[in-house]
Amino acid sequence: MKITIIGPGAMGCLFAAFLAEAKQEVLLLDYRPERVELLKQNGLFVEGISGEHWVKVRISASPADAADSELVLVCVKAYHTRTAADSLAAHLAPEARILTLQNGVGNVEILSEVCGPERVWAGITSQGATAFEPGHVRHAGTGQTIIGAASGPGQEDRLAEAADLFSQAGFAANVEARVEPLIWSKLIVNAGINPLTALTRLKNGQLLHYPGTERLMEAAVREAVAVVKAMGLAPVFPDPIEHVKSVARATAGNIASMLQDVLAKRRTEIDSINGAVVTHGQGLGISTPVNKTLTALVKTIEASYEARV
């Protein structure tokens with residue numbers, strides 16, 4: 001299958017490397033030409049729980065090169081989704097499908113608005129990956145990848161083909177009929193793990209070693225679940241708190257994406273994760289004090305990179 005992956009961060013590089021090793025035709029898109037040249041020279045290097053992999057993939061800074069893609073994986077930060085969608089829309093064939101594996105909520109809506117809902121798939125993945133430098137990724141944890149179509153039923157065969165493709169590449173995958181619960185289920189996981197790692201600078205698994213962070217994780221997850229249920233949705237896992245803890249254990253050695261952003265003094269995705277819990281909770285009359293506090297603290301870190309001792 002001809003697959004384009006937009007976003008050469010930790011998750012984008014991980015999927016690009018494994019799909020290329022599984023003999024898929026992979027194109028990695030990056031908006032920074034200088035990084036494109038670096039990745040062309042060095043290729044992708046993945047280390048960690050899956051061993052060491054040196055992989056060469058096709059890399060470009062031109063969205064026009066994705067014109068013949070059958071599947072596009074969107075792995076950019078949530079605040080770059082519209083830019084990515086705008087760059088892709090004019091070039092993709094009508095039969096191409098766009099799969100978001102991003103954090104947070106709102107990505108499906110943006111991609112559907114720009115590219116058409118019939119072309120958009122959404123997914124969640126429990127794969128853990130840490131980027132050390134361009135093209136160098138540590139595979140720190142594994143788990144299920146679940147995908148579904150934003151436009152509802154009618155694409156089961158193509159979704160099953162994609163899930164089988166991921167499985168062949170080493171990512172256990174399956175298909176869910178409803179996509180919205182997938183997105184919010186992933187948000188529940190991220191709301192419980194990401195901000196606490198960003199604030200404490202602990203790896204995922206270490207959050208469970210300390211009573212304070214474990215209690216805050218449980219409280220943030222409970223609030224997020226209350227909001228999700230008030231929206232008329234059900235998480236795709238039966239025990240959300242235990243599931244979030246199991247993800248933390250499975251990715252114990254991973255440096256979460258929000259902590260990676262803080263360490264690199266970049267903007268985080270807090271607004272589309274814990275901030276989304278707060279915003280939707282307000283609209284539903286549900287109090288979310290833990291998520292509100294976590295959001296405020298992470299945003300303070302973002303605003304004070306150059307002022308901190």
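Residues numbered from 1 in each chain as written. Predicted model: local features only at pLDDT ≥ 70, side-chain atom pairs only at ≥ 80, totals over all residues. Heavy atoms only, no water.

## Quick word on the nonpolar core
Ranked by size, the top nonpolar core spans 59 residues in total, and within it I6, I188, I193 and M217 carry the most contacts. A total of 10 residues in this core trace back to one element, the largest contributor, which is helix α6 (residues 180-200). (Core = buried A, V, L, I, M, F, W, Y, C linked by side-chain atoms within 4.5 Å. Buried < 20%, exposed > 50% of the residue type's maximum accessible area, 1.4 Å probe, protein only. Helix = DSSP H or I, 4+ residues; strand = E, 2+ residues; numbered from the N terminus.)

## Regarding the pairing of strand β10 (residues 136-141)
A large share of β10 lies buried, amounting to 5 of its 6 residues. Across 4 bridges, strand β3 (residues 44-48) lies against β10 in parallel orientation. Looking across to β10, one finds that G48 is bridged to H139. The pairing of strand β9 (residues 128-133) with β10 spans 5 bridges and is classified as antiparallel. Across the sheet, the residue bridging to E133 is H136, located in β10. Hairpin connection, β9 to β10: the antiparallel pair is bridged by 2 residues, and G135 has positive phi, about 85°. (Pairing = 2+ DSSP bridges.)

## Structural notes on the packing of helix α7 (residues 211-230) against helix α11 (residues 289-303)
For the pair α7 and α11, interaxial distance at closest approach is 8 Å and the crossing angle is 115°. For the element pair α7 / α11, the angle class is roughly perpendicular. On the side of α7, the interface is formed by L216, A219, A220, E223 and A224, while α11 contributes P289, V290, N291 and L294. Taken together, the residues that form the contact of α7 with α11 break down as 7 nonpolar, 1 polar and 1 charged. (Axes fitted to C-alpha atoms, helices over the stretch in contact; angles between N-to-C directions. Parallel < 35°, antiparallel > 145°, perpendicular 65-115°, else oblique. Contact = heavy atoms within 4.5 Å. Nonpolar A, V, L, I, M, F, W, Y, C, P; charged D, E, K, R; others polar.)

## Notes on the pattern of salt bridges
Taken as a whole, this structure holds 12 salt bridges when the rule is applied. Ionic pairing is found between K2 and D68, a salt bridge with its closest N-O pair at 3.4 Å. You can see K2 sitting in strand β1 (residues 2-6) and its partner D68 sitting in the loop between β5 (58-60) and β6 (71-74), a full 66 residues away along the chain. By relative accessible area, which is 42% here, D68 ends up partly exposed. The network of salt bridges with shared partners includes K77, D261 and R266. (Salt bridge = Lys/Arg side-chain N within 4 Å of Asp/Glu carboxyl O.)

## Let's talk about the sheet that holds β6
Spatially, 8 strands are ordered β5-β2-β1-β6-β7-β8-β11-β12 in an open sheet, and the strand pairing comes out mixed. The open sheet has two edge strands with one neighbour each: β5 and β12 (173-175). For this sheet, the mean angle separating the axes of adjacent strands, direction not counted, is 25°. Inspection of the sheet shows strand β2 (residues 25-29) paired to β5 by 3 bridges, in the parallel sense. In the strand pairing of β5, L29 is matched with S60. In the packing of helix α1 (residues 10-21) onto the sheet, contacts are made with β1, β2, β6, β8 (120-125) and β11 (145-149), and the angle to β2 comes to roughly 160°. This element, α6, spans β8 and β11 of the sheet and lies at about 35° to β8.

## Section: the packing of aromatic side chains
Evaluation of the coordinates by the stated rule reveals 4 aromatic pairs. With centroids separated by 5.7 Å and ring planes inclined at 85°, the aromatic side chains of F15 and F166 adopt a geometry described as edge-to-face. Of the two residues, F15 is situated in helix α1 and F166 in helix α5 (residues 156-168); the sequence distance between them amounts to 151 residues. Centre to centre, the rings of F15 and F171 are 4.2 Å apart; their planes meet at 25°, and the pair counts as stacked. Taken as a pair, F15 in helix α1 and F171 in the loop between α5 and β12 lie far apart in primary sequence, 156 residues in all. An identical accessibility class is assigned to F15 and F171; each is buried. Three or more aromatic residues link up through ring pairs in this structure, and these residues are F15, F18, F166 and F171. (Phe/Tyr/Trp six-rings, centres within 6.5 Å; stacked < 30°, edge-to-face > 60°.)

Any functional reading would require information that these geometric values do not contain.
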